[in-house]
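Observations on the three-dimensional arrangement
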Amino acid sequence: MANTTAKPISYNNTLFSSFGSKTLRFSFVNSTHFSKSLPPPLLSFSCSSSQPSWSCFSITRVSTAPVEYAPPAPDDNFQQEISRLKSLRLKLACANSLHQKLLVLDSDYRVMMFFNAHGNGVSKALSLLNLSSREWFLVKCLVAAGQEHVLSLGFELVGSEVESAKGALKSALYALVEMIERFDLKDNGEYGLEKSDNGVYLNDEDIGDLKKLLKTLAEIEQFYDCIGGIIGYQIMVLELLAQSSSEKQTTNWSHHIQESMECEFLGIHAPNVVDLSKNTEYASQAALWGIEGLPDLGEIYPLGGSADRLGLVDPDTGECLPAAMLPFCGRTLLEGLIRDLQAREFLHYKLYGKQCIIPVAIMTSSAKNNHERITSLCEKLSWFGRGRSSFQLFQQPLVPAVSAEDGQWLITKPFSPVSKPGGHGVIWKLAYDKGIFEWFYDHGRKGATVRQVSNVVAATDLTLLALAGIGLRHGKKLGFASCKRNSGATEGINVLIEKKTLDGKWAYGLSCIEYTEFDKFGITSGACYSNSLQAEFPANTNILYVDLSSVESVASSNSEKSLPGMVLNTKKQIAYEDSFGNCHSVSGSRLECTMQNIADNFLNTYLSRFYQGVEDKLDTFIVYNERRKVTSSAKRKRKHVDQSLHQFYGGSISEGSELQIEVAEFMWRNVELDGSLIVIAGNVMGSTRIDANGEPMLQYGRRCGRCRLQNVKVLNKGIDWSCGENAYWKHSVQRFEALKVILHGNAEFEANNVILEGNHVFEVPDGYKMKIISGNSGLEVQLNPIEPNMMDTGSWFWNYKINGTHILLELVEL
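Nothing here was measured: the structure is a model prediction, and the numbers come from that model.

Within the protein, the regular secondary structure consists of 18 helices and 43 strands. Expressed as a percentage of the 814 residues in the protein, the buried residues total 51%. Considering only contacts within the protein whose residues lie at least 6 apart along the sequence, 69% involve residues at least 24 apart. In the structure as shown, the protein presents an accessible area of about 37500 Å², 49% of it carried by carbon and sulfur atoms.

As a further point, take the pairing of strand E15 (residues 391–396). Two faces belong to every sheet, and in a regular strand the side chains alternate between them. By the bridge criterion, six bridges tie strand E14 (residues 360–365) to E15 in an arrangement that is parallel. Its bridge partner lying in E15, Met-363 is registered against Phe-394. Crossover connection from E14 via helix H14 (residues 370–380) to parallel E15: handedness right-handed.

Within the secondary structure, Glu-560 sits in the loop between helix H18 (548–555) and strand E26 (573–577). A residue is classified by how much of its surface remains accessible, and Glu-560, at 45% relative accessible area, is partly exposed. Setting aside anything within four residues of it in sequence, one finds Glu-560 in contact with Cys-226, Ile-227, Met-236 and Met-566.

Right, let's talk about the packing of aromatic side chains for a bit. Per the counting criterion, the structure on display carries 18 aromatic pairs. Judged by centre distance (5.2 Å) and plane angle (50 degrees), the rings of Trp-439 and Phe-440 are tilted. According to the relative accessible area criterion, Trp-439 is buried, its value standing at 11%. When its relative accessible area of 1% is taken as the criterion, Phe-440 is described as buried.

For Lys-368, which is not glycine, the phi dihedral falls at a positive 55 degrees. Structurally, Lys-368 can be placed in the loop between E14 and H14. You can call Lys-368 partly exposed: its relative accessible area is 21%.

A word on the packing of helix H12 (residues 280–292) against helix H17 (residues 463–473). At a minimum axis distance of 7 Å, the contact between H12 and H17 shows a crossing angle of 75 degrees. The pairing of H12 with H17 is recorded here as roughly perpendicular in orientation. Along its contact with H12, which presents Tyr-282, Ala-283, Ala-286, Ala-287, Trp-289, Gly-290 and Ile-291, the element H17 presents Leu-465, Ala-466, Gly-469, Ile-470 and Arg-473. A class-by-class count of the residues in the contact of H12 with H17 yields nine nonpolar, two polar and one charged.

The predicted model of the protein has a mean per-residue pLDDT of 80, with 76% of residues at 70 or higher. Contacts from residues 249–261, a stretch scored under 50 in pLDDT, to residues over four places away or in other chains number 17 contacts. For the stretch residues 633–647, pLDDT sits under 50, and the model shows 15 contacts to residues farther than four places along the chain or on other chains.

The subject of this paragraph is the nonpolar core. Counting 91 residues, the largest nonpolar core has Leu-151, Tyr-224 and Trp-428 as its most contacted members. Counting residues per element, this core draws most heavily on helix H10 (residues 229–247), which supplies 10 residues. Contacts of Tyr-224, omitting those with residues within four sequence positions, involve Gly-229, Tyr-233, Val-399, Val-426, Leu-563 and Leu-591.

Next up on the list: the sheet that holds strand E17 (residues 402–403). If you walk across this open sheet you meet the three strands as E17-E27-E26, and the pairing is antiparallel. Whereas interior strands pair on both sides, the edge strands pair on one side only; in this sheet they are E17 and E26. Examined bridge by bridge, E26 and strand E27 (residues 583–589) share five bridges and lie antiparallel to one another. Across the sheet, Gln-573 pairs through a bridge with Ser-587, a residue of E27.

Here we take up the sheet that holds strand E39 (residues 760–764). A sheet is described by the order of its strands in space; here four strands give the open sequence E31-E33-E37-E39, paired in parallel fashion. The sheet is open, and its two borders are formed by strand E31 (658–662) and E39, each paired with just one other strand. Averaged over all pairs of adjacent strands, the angle between strand axes in this sheet comes to 10 degrees, irrespective of strand direction. The sheet contact formed by strand E33 (residues 676–681) and strand E37 (residues 739–743) spans five bridges and is parallel. Among the inter-strand pairings, Ile-678 is bridged to a residue of E37, identified as Lys-740.

Next up on the list: empty space enclosed by the protein. Under the criterion given, the structure shown has three cavities of 30 Å³ or more. Counted as a void, the second largest cavity has a volume near 50 Å³. As for the second largest cavity, its lining consists of Leu-294, Leu-297, Glu-299, Arg-344, Ile-358, Thr-449, Leu-464, Leu-465 and Ala-468. Sort the elements by how many residues they give to the lining of the second largest cavity and H17 lands first, with three residues.

Strand direction decides the pairing type here: strand E42 (residues 796–803) and strand E43 (residues 806–813), joined by eight bridges, are antiparallel. Its bridge partner lying in E43, Lys-801 is registered against Leu-808. If you look at the hairpin formed by E42 and E43, you'll find two residues sitting between the two strands, and Gly-804 has a positive phi there, around 70 degrees.

A few words now on the pattern of salt bridges. For the coordinates displayed, the defined rule picks out 34 salt bridges. Where Arg-339 meets Glu-662, a salt bridge forms, and the shortest distance between an N and an O atom there is 2.6 Å. Here the residue Arg-339 occupies a position in helix H13 (residues 333–352), and Glu-662 occupies one in strand E31, the gap between them amounting to 323 residues. Judged by its relative accessible area of 16%, Glu-662 is buried. Connected through shared salt-bridge partners, Lys-350, Glu-665, Arg-706, Arg-708, Glu-748, Glu-750, Lys-769 and Glu-813 make up one network.

Quick look at the packing of helix H5 (residues 133–144) against helix H9 (residues 204–223) now. Following both chains from N to C, one finds H5 and H9 inclined at 80 degrees, their axes separated by 10 Å at the closest point. Between H5 and H9, the interaxial angle falls into the category roughly perpendicular. Contacts from Arg-134, Glu-135, Phe-137, Leu-138, Val-139, Cys-141 and Leu-142 in H5 reach Leu-213, Leu-214, Leu-217, Ala-218 and Glu-221 in H9. Classifying every residue of the contact of H5 with H9 gives nine nonpolar, no polar and three charged.

With that settled, the discussion passes to the side chain of Glu-592. Along the polypeptide, Glu-592 turns up in the loop between E27 and strand E28 (604–606). Judged by relative accessible area, Glu-592 falls into the buried class, the value being 13%. The contact partners of Glu-592, leaving out residues within four places of it in the chain, are Gly-422, Gly-423, Gly-565, Met-566, Val-567 and Lys-572.

Here the focus is H17. The element H17 is extensively covered by neighbouring structure, given that nine of its 11 residues are classed as buried. Within the span of H17, buried status applies to Thr-463, Leu-464, Leu-465, Ala-466, Leu-467, Ala-468, Gly-469, Ile-470 and Gly-471. Just beyond H17, the residue with positive phi is Gly-475, at close to 60 degrees.

Helix length check: H9 (20 residues) gives 29 Å between terminal C-alpha atoms against 28 Å at 1.5 Å per residue, within 8%. Along H9, the residues classified as buried are Asp-206, Asp-209, Leu-210, Leu-213, Leu-214, Thr-216, Leu-217, Ile-220, Glu-221 and Phe-223. The residue sitting at the N-terminus of H9 and contributing the capping side-chain oxygen is Asn-203; that oxygen lies 3.1 Å from the backbone nitrogen of Glu-205.

The rules we used
Residues numbered from 1 in each chain as written. Predicted model: local features only at pLDDT ≥ 70, side-chain atom pairs only at ≥ 80, totals over all residues. Heavy atoms only, no water. Helix = DSSP H or I, 4+ residues; strand = E, 2+ residues; numbered from the N terminus. Buried < 20%, exposed > 50% of the residue type's maximum accessible area, 1.4 Å probe, protein only. Contact = heavy atoms within 4.5 Å. Areas by Shrake-Rupley, 256 points an atom, 1.4 Å probe, with all protein chains shown as cover. Pairing = 2+ DSSP bridges. Right-handed = clockwise from strand over helix to strand, strands pointing away. Phe/Tyr/Trp six-rings, centres within 6.5 Å; stacked < 30°, edge-to-face > 60°. Axes fitted to C-alpha atoms, helices over the stretch in contact; angles between N-to-C directions. Parallel < 35°, antiparallel > 145°, perpendicular 65-115°, else oblique. Nonpolar A, V, L, I, M, F, W, Y, C, P; charged D, E, K, R; others polar. pLDDT = per-residue confidence, 0-100. Core = buried A, V, L, I, M, F, W, Y, C linked by side-chain atoms within 4.5 Å. 1 Å grid on protein atoms, 1.4 Å probe; cavity = no way out; pocket = protein on both sides within 12 Å on 5 of 7 lines; lining within 4 Å. Points joined across faces, edges and corners; volume = space filled by probe spheres on them. Salt bridge = Lys/Arg side-chain N within 4 Å of Asp/Glu carboxyl O. Expected span 1.5 Å × (residues − 1). Polar contact = N/O pair within 3.5 Å; in protein donor to acceptor, adjacent residues only side chain to side chain.

Shown next, in the form of structure tokens:
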């Protein structure tokens, strides 16, 4: 007899046992939505040869279901289960103690069926683990929510109906179980839950998985307490699935919006925006308000997403990486966010002579070791010279992924649900729960800008500064940064909502609609719809200004309002790997919240109806700019045809040239570049000192590197554009030749009236000034120490002045 190995996989109450030459498969139907009378289980057999096509011949299916039995329609199943769970949620809410809540759960028939079923080895095994009352509460909530398969072996049958259906079925079942046990799964160690003479017991791996499950359940119960914890989570899943199912038959989006907003929903309109690209004077003024208001601002980064679509992998370990770790232009995306923030702080310092360090709150998650990797990166870079106390990391809970068909939680093995982050919209309630708002207030902050890590150009030009400036200056509750929407792009839109409230008033507010929700609003999508309704609306970019106290009032509401824009995108494919390394991709989703839809809580009400020009009176606003200055995908390459560089004083840059400038104190006049020029300073905007707490702190303007180029030609062969291994967005390219200037510490470099041809590297040590001039036999290099009285300030610097709505730079020579 040929050697065989068995690899059972438990999935949705189905056990698959794979053998080398043949496959014996048996499955039990798991009824997701229960009525008072459950359908008996079905037992099916099939076998296949080892052909790769997985074809098989059919063996008679045995069923004990009554002939007259007909399962209810899916919508009826959803509504029955929703009604049952809502009743249970109400009873739990009325219970005044954990003991009373356990009594409520014990009276639920799904819980009774699972824990009282004859031969249920898992429930017996759990009873031996000395779980606390709180842990039993979580386990029973899971079962009551209809997810007992997360705990089960896959081949266990639960329920009194099974007892009455034994006989031939029982004999066949136990024969198959005994057949599997002959392959000694315990010795193979391939299946976690093990059989003994007295039933099922849990090994160390099982117990570890169970502890992780209990931790996940505890986080869900705590975070979603505003909608009923685990039970409320499943209610919302089923309601959204039922809604999605009905929308396949008819689009009733207006009724849905009416119910969710407790109003007579009337419509959406294209919003008026503050166009920064056209009203340049106002844009400059708003940006100045933003610079001036930096000491009143915080920064919020939602970095908890798993970024599965990015497909980022650690080249050394092969582990999946979160988006924050993507190397872009030589640095991780997270470093890019902090550098952009420091550039704004440096601008404030140059204008007002005071240094402000903006506190940064970062939402992380455990997906792909997100939290640990981000923390490790911050520690490695000494918290970017900002001090540990200027950062607050708070971790969002993971939520179970569900089947789009029936709302069942997907699992990789017993006790191990497939879990994903619950969307960036959880950030508001989580921030309240974790004390982030109080932390901002302790730092004297009134508002905050919110930015996603994957948007690498959001800080370009005036957009972020103007957004915050308008929000602070005019006391707005929330603001969006927007731009023209690319037709067919997978991005949402900003809209003006109009509704009539139940008391007869009219309400207006700016909000957003995710692209996954377009069908509900009758909005067409796709590249061929350039003249569709989409074209009237600007793109939603996930760049926000928020008034902290206004957002906190919503986040602390202890209601569904604190979880804005809950959606279940049933069009997604959930990809995951089971415990045996087998990959699965199923139609599924998880309950997500959308960060921007907190704006739905900031609608303004009026006695009369109007919407033209209403934006001027709203608590929300939209700033609009050119798309290239607002949003860009982090995974797209820069096109070679984009050669524009702006605001350089004289000179020229030839086609195919490269210019990298990493220094704030830089002067460029009448420079002609044909090739590669790279200037890198260690102290770009300042230098670090050790503060009273022993932490390195960046001091703006102190001991900066400096570079001046006047009447200079740079000629070299530059980048090897024919090299197929060039990754331009990473700054990983092959060059034939280049001119590199490397400035250590407060080093200075000057070149005047010279031609720098060919490959050169000028490395200037800390405390020295290097000058390149024309000598009798070519170039002459002069290296001299910087005078002691100029060590901190340098021999020259730019003085920043405000002139009306503009900033002027004045060269100061010392």
